[in-house]
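Architecture and fold: a report
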Amino acid sequence: MAEKYVNLWKSLDIDLEKHNQLLAVLPQIYTDLVLSQKNRPKKMDYFDFVISEIHGLRVEELVKLRGEGNKIIGAFCLYAPEELAYAANATMVGLCGGADFSIPDADAVLPRNLCPLIKSFYGFKIGLTCPYFQCCDMLVGETTCDGKKKVYELLNEHVPTYIIEVPHKPDTVQGRSLWLKELEEFKTQLEKLTGNKITAEKLKASIELINDKRKALKRLAELRKATPAPISGLDALIVTQIGFYDDVKRFTAKVNELCDELEERVKNGVGVTDKNAPRLMVSGCPMAVPNWKLPSIAESAGASIVVEESCVGTRYFTDMVEPKGDSLNDMLEALVEKYAKIPCACFTPNDARIESIDKLAKDFKVEGVVYYTLQFCHSYNVEAVKVGKALKSEGVPMLKIETDYTMEDAEQIRTRLEAFLEMIRGKK
Ligand code: BJ8
């Protein structure tokens, strides 16, 4: 890939030497963790191809879009309303960092005791190693956790960064009205940036576009209720991760093609593990590309991950945006309604998340929950207490794993997971 795209990366001011080091390790990681899995669905071919071209083809498409006058907006959170961006003829790409590679660059500036997801994306920007960052005309941040909020101020020194204020008590009248006003203001900012008016018709069309993507991912999730699961948790995670930067229509079509194949598998009782593999839910912090550490360890130890209660999972696609009418206001209110239902640990109280975890555990016949939290993520770390209590009262065991992006604790995690799986098997 390096030869072919070198001019593209140069045009984006990428630090070529450092970037080459990154590209040198990724294919091997993907081969070792992902391609080595047995009995993968054939239609994963497309998603493997997208990863193999991760800093190539899609970046080329984005640069082309820019050349045609479209704007690229970088986002870090599910609360960034992609429907509004697409209604302004802009394209949104997810920029959350999932790699240890960029952290040394961030460590030179940021405190050590900060969540790796934040350090990773900041390091990619200041180290000039992420072509997606380099394509962005504007970033959209949000007031979720403190670490992100403050790092957005630093990012603003590099790329104009607009911040959406997210109410932390979304069910109150004040919370709803603040959110509506924030969406209206974001709409104005997008119109200024792009020069395109967001009309009711355009917003309706982009809501349908994104709903279709969410529906395809939900269809994929539903198929994983089968025993044995027709796709590994790792592959399902990779599909969802790709959904944050691929072309929306193409991605939706490819997910639906994959689901067609999985439907056949389910009909024929074909799975990726034997039917007695312990069925796990992973719940907690999001996993951005190429953060595949936990699922690959869990599944190579014999687990079957059947659902992710995560922003790279059910939180993204459980609810659709459902306007009650055709006016712009109806649609903005529907966006508020949808976004208020994404139960991030930054909310207080956050009972909806506990209820959702309980429901998912039942619906997916989950035998154990791996609670995944990144180091220094206070919100998810502390919320583990309530989630653990709720699961205990339902008789579902939970294993909490707090980790970072290094592989230093991989063997320790493997040992803990193996013991957890043994305990689940012992209960059968
Ligand atoms: S809606 S989960 S995507 S904020 S960056 S909170 S891991 S300390 S990502 Fe998130 Fe939006 Fe919520 Fe979802 Fe913790 Fe790290 Fe903060 Fe993080």
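Further up the page is the structure itself.
Residues numbered from 1 in each chain as written. Predicted model: local features only at pLDDT ≥ 70, side-chain atom pairs only at ≥ 80, totals over all residues. Heavy atoms only, no water.

1. Thoughts on the sheet that holds strand β6 (residues 304–309)
The strands making up a sheet associate through backbone hydrogen bonding, with each pair oriented either parallel or antiparallel. Within the open sheet, the 4 strands sit side by side as β6-β5-β7-β8. Their pairing is parallel. What marks the edges here is a single partner per strand, and that holds for β6 and β8 (398–403). Put simply, the sheet's adjacent strands are angled 25° from each other on average, direction ignored. In this structure, strand β5 (residues 279–284) lies alongside β6, joined through 5 bridges in parallel fashion. What sits directly across from Ser283, in β6, is Glu309. The sheet contacts of helix α14 (residues 293–300) involve β5, β6, β7 (368–374) and β8, and relative to β6 the element is tilted by about 150°. (Pairing = 2+ DSSP bridges. Helix = DSSP H or I, 4+ residues; strand = E, 2+ residues; numbered from the N terminus. Axes fitted to C-alpha atoms, helices over the stretch in contact; angles between N-to-C directions. Contact = heavy atoms within 4.5 Å.)

2. A short note on the nonpolar core
One finds Tyr79 and Phe121 to be the most contacted residues of the largest nonpolar core, which totals 150 residues. With 10 residues, the top contributor of residues to this core is helix α11 (residues 200–223). For Phe121, the residues in contact, after removing those within four places along its chain, are Phe76, Leu95, Cys96, Gly97, Phe133, Lys148, Val151, Tyr152 and Leu155. (Core = buried A, V, L, I, M, F, W, Y, C linked by side-chain atoms within 4.5 Å. Buried < 20%, exposed > 50% of the residue type's maximum accessible area, 1.4 Å probe, protein only.)

3. Brief notes about the layout of surface pockets
There is about 580 Å³ of room inside the second largest pocket. What lines the second largest pocket is a set of 31 residues, among which Thr318, Asp319, Lys341, Ala352 and Ser356 lie closest to the centre. Counting only elements with at least two residues in the lining of the second largest pocket, the list comes to α11, α15 (314–317), α16 (328–340) and α17 (351–363). The greatest single-element share of the lining of the second largest pocket, amounting to 7 residues, is contributed by α17. For the lining of the second largest pocket, the per-class residue count stands at 11 nonpolar, 6 polar and 14 charged. (1 Å grid on protein atoms, 1.4 Å probe; cavity = no way out; pocket = protein on both sides within 12 Å on 5 of 7 lines; lining within 4 Å. Points joined across faces, edges and corners; volume = space filled by probe spheres on them. Nonpolar A, V, L, I, M, F, W, Y, C, P; charged D, E, K, R; others polar.)

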